[in-house]
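# Architecture and fold: a report
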Amino acid sequence: MSSTIKGTALITGASTGIGAVYADRIAHRGYDLILVARDAGRMDMLATRLRAETGRTIEVVRADLTDRADVAAIEARLADDAAISLLVNNAGMSLNGTLLDNEPDQIERLIALNITAPTRLAGAAAKAFVARKAGAIVNIASVLALAPEMFDGVYSGSKAHLLNLSQSLANQLAPEGVYVQAVLPGATRTEIWERSGKDVDAFPAEMVMEAGDLVDAALTGFDRRETVTIPPLADEGQWSALNAQRLAMQGDLSRRDVAERYREPVAA
């Protein structure tokens, strides 16, 4: 993250895990912080430590981003606070099991937190940043956005939404001086596993990244101005090839005529 870009960073899901590490790293890079999460006690402890270590101004805002009123309050802050130059959309949750194992209210809560809230906050930040011709938005997605067959499609679908949103915004906002990054973690050691009733230690140790390593890699991608950062992917060429094929296909996705392969008769 370039040392020339300063101001205030608003970080959601900032009480633990990836969000708390982002808060630590960004404060040490010279940003003031607005920490947003439900657990005010943990954020207060984090804020106290970071104020002492960095001398930065750190504000704690308790908010439940599945609640429309709380989301609207954070939207308003993004719209009205000209000091905010960076949004880190990190808050999220997963389910224990699949669509078949969860009740409708659990599905609705995931969609509210993983899709509705970050989309609304990204929209509010984008409008404010475009008006100032500066700013950055980081959306924490997941490698499962690229691997929907592996686990539950509700969670991976929510992260595919964030990847799609990020790529679209990156294309729209770059000419306006606004940078957008999607970060795609693999399995990362955070409390999201315990909260959803899963055991991260059930994975082979070599598959699980520490949150600090994940965020440090994501910030390197930020400094490089990557649109998509995949910290566990060793061969960047795999992503480049996939993305190149996706882009090459775009010109063939909408046509007047049905493709010839669908004109062939089906065998009896």
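Residues numbered from 1 in each chain as written. Predicted model: local features only at pLDDT ≥ 70, side-chain atom pairs only at ≥ 80, totals over all residues. Heavy atoms only, no water.

With that settled, the discussion passes to the packing of aromatic side chains. Here the structure, examined in full by the defined rule, presents one aromatic pair. With 5.0 Å between their ring centres and 90° between their planes, Tyr179 and Phe222 make a pair best called edge-to-face. One end of the pair, Tyr179, is in strand 6 (residues 178–183); the other, Phe222, is in helix 7 (residues 211–223), and 43 residues separate them in sequence. Comparing Tyr179 with Phe222, the two get one shared label, buried. Cation over ring: Arg225 sits above Tyr179, and NZ or CZ is 4.6 Å from the ring centre. (Phe/Tyr/Trp six-rings, centres within 6.5 Å; stacked < 30°, edge-to-face > 60°. Helix = DSSP H or I, 4+ residues; strand = E, 2+ residues; numbered from the N terminus. Buried < 20%, exposed > 50% of the residue type's maximum accessible area, 1.4 Å probe, protein only. Lys NZ or Arg CZ within 6 Å of the ring centre and 35° of its normal.)

Here helix 2 (residues 40–54) is 15 residues long and its end C-alpha atoms lie 20 Å apart, about the 21 Å a rise of 1.5 Å per residue gives. Listed in full, the buried residues belonging to helix 2 are Met43, Leu46, Ala47 and Leu50. Buried residues in helix 2, looked at end-on, bunch into an arc of 105°, giving them a common side. In helix 2, those exposed residues whose orientation departs by more than 90 degrees from the buried face are Met45 and Ala52. Where helix 2 is buried, its residues meet helix 1 (17–28), strand 2 (32–37) and strand 3 (58–62). Among the residues of helix 2, the N-terminal cap falls to Asp39, whose side-chain oxygen and the backbone nitrogen of Gly41 are separated by 3.3 Å. Positive phi appears at Gly55, one or two residues downstream of helix 2, with a value of about 75°. (Expected span 1.5 Å × (residues − 1). Arc of directions from axis to C-beta. Contact = heavy atoms within 4.5 Å. Polar contact = N/O pair within 3.5 Å; in protein donor to acceptor, adjacent residues only side chain to side chain.)

Glancing now at the nonpolar core. Formed by 45 residues in total, the largest nonpolar core has its most connected members in Leu10, Leu65, Ile74, Leu78 and Ile137. Those elements that place two or more of their residues in this core are strand 2, helix 3 (68–80), strand 4 (84–89), helix 4 (104–132), helix 5 (153–173) and strand 6. Counting residues in each nonpolar core, the second largest holds 32 residues, with Ala9, Ile18, Ala47 and Val88 among its members. (Core = buried A, V, L, I, M, F, W, Y, C linked by side-chain atoms within 4.5 Å.)

The next point concerns the pairing of strand 4. Of all six residues making up strand 4, six are buried, and the element is well covered by its neighbours. Where strand 1 (residues 8–12) and strand 4 come together, four bridges link them in parallel fashion. For Thr8, the partnering residue across the bridge sits in strand 4 and is Ile84. Pairing analysis gives four bridges linking strand 4 to strand 5 (residues 135–140), with the strands arranged parallel. Residue pairing for strand 5: Leu86 is matched across the bridge by Ala136. (Pairing = 2+ DSSP bridges.)

Turning to the pairing of strand 5, a few remarks are in order. Extensive coverage of strand 5 is indicated by the burial of six of its six residues. Burial along strand 5 is two-sided: the residues Gly135, Ile137 and Asn139 and Ala136, Val138 and Ile140 are all buried. As defined by bridge partners, strand 5 adjoins strand 6 across six bridges and the pair is classed as parallel. Bridge pairing in strand 6 places Ile137 opposite Val180. This β-α-β element, strand 5 to helix 5 to strand 6, shows right-handed connectivity. (Right-handed = clockwise from strand over helix to strand, strands pointing away.)

Before going further, it helps to spend a moment on the side chain of Thr8. On the secondary structure map, Thr8 appears in strand 1. Residue Thr8 is classed as buried on the basis of its relative accessible area of 9%. Dropping the residues within four chain positions of it, Thr8 is found in contact with Tyr31, Asp32, Leu33, Ile34, Ala83, Ile84, Ser85 and Leu86.

Quick look at the pattern of salt bridges now. In total, this model carries 14 salt bridges according to the counting rule given. Measuring nitrogen to oxygen at the nearest pair gives 3.0 Å for the salt bridge that ties Arg25 to Asp24. On the basis of relative accessible area, Arg25 is assigned to the partly exposed category, the value being 25%. Among the salt bridges present, the one from Asp223 reaches Arg29, with a minimum N-O distance of 3.3 Å. In this pair, Asp223 is assigned in helix 7 and Arg29 in the loop between helix 1 and strand 2, connecting sequence segments 194 residues apart. A residue is classified by how much of its surface remains accessible, and Asp223, at 36% relative accessible area, is partly exposed. Assessed through its relative accessible area of 29%, Arg29 is described here as partly exposed. Through salt bridges with shared partners, a single network forms among Asp24, Arg25, Arg49, Glu53 and Asp216. (Salt bridge = Lys/Arg side-chain N within 4 Å of Asp/Glu carboxyl O.)

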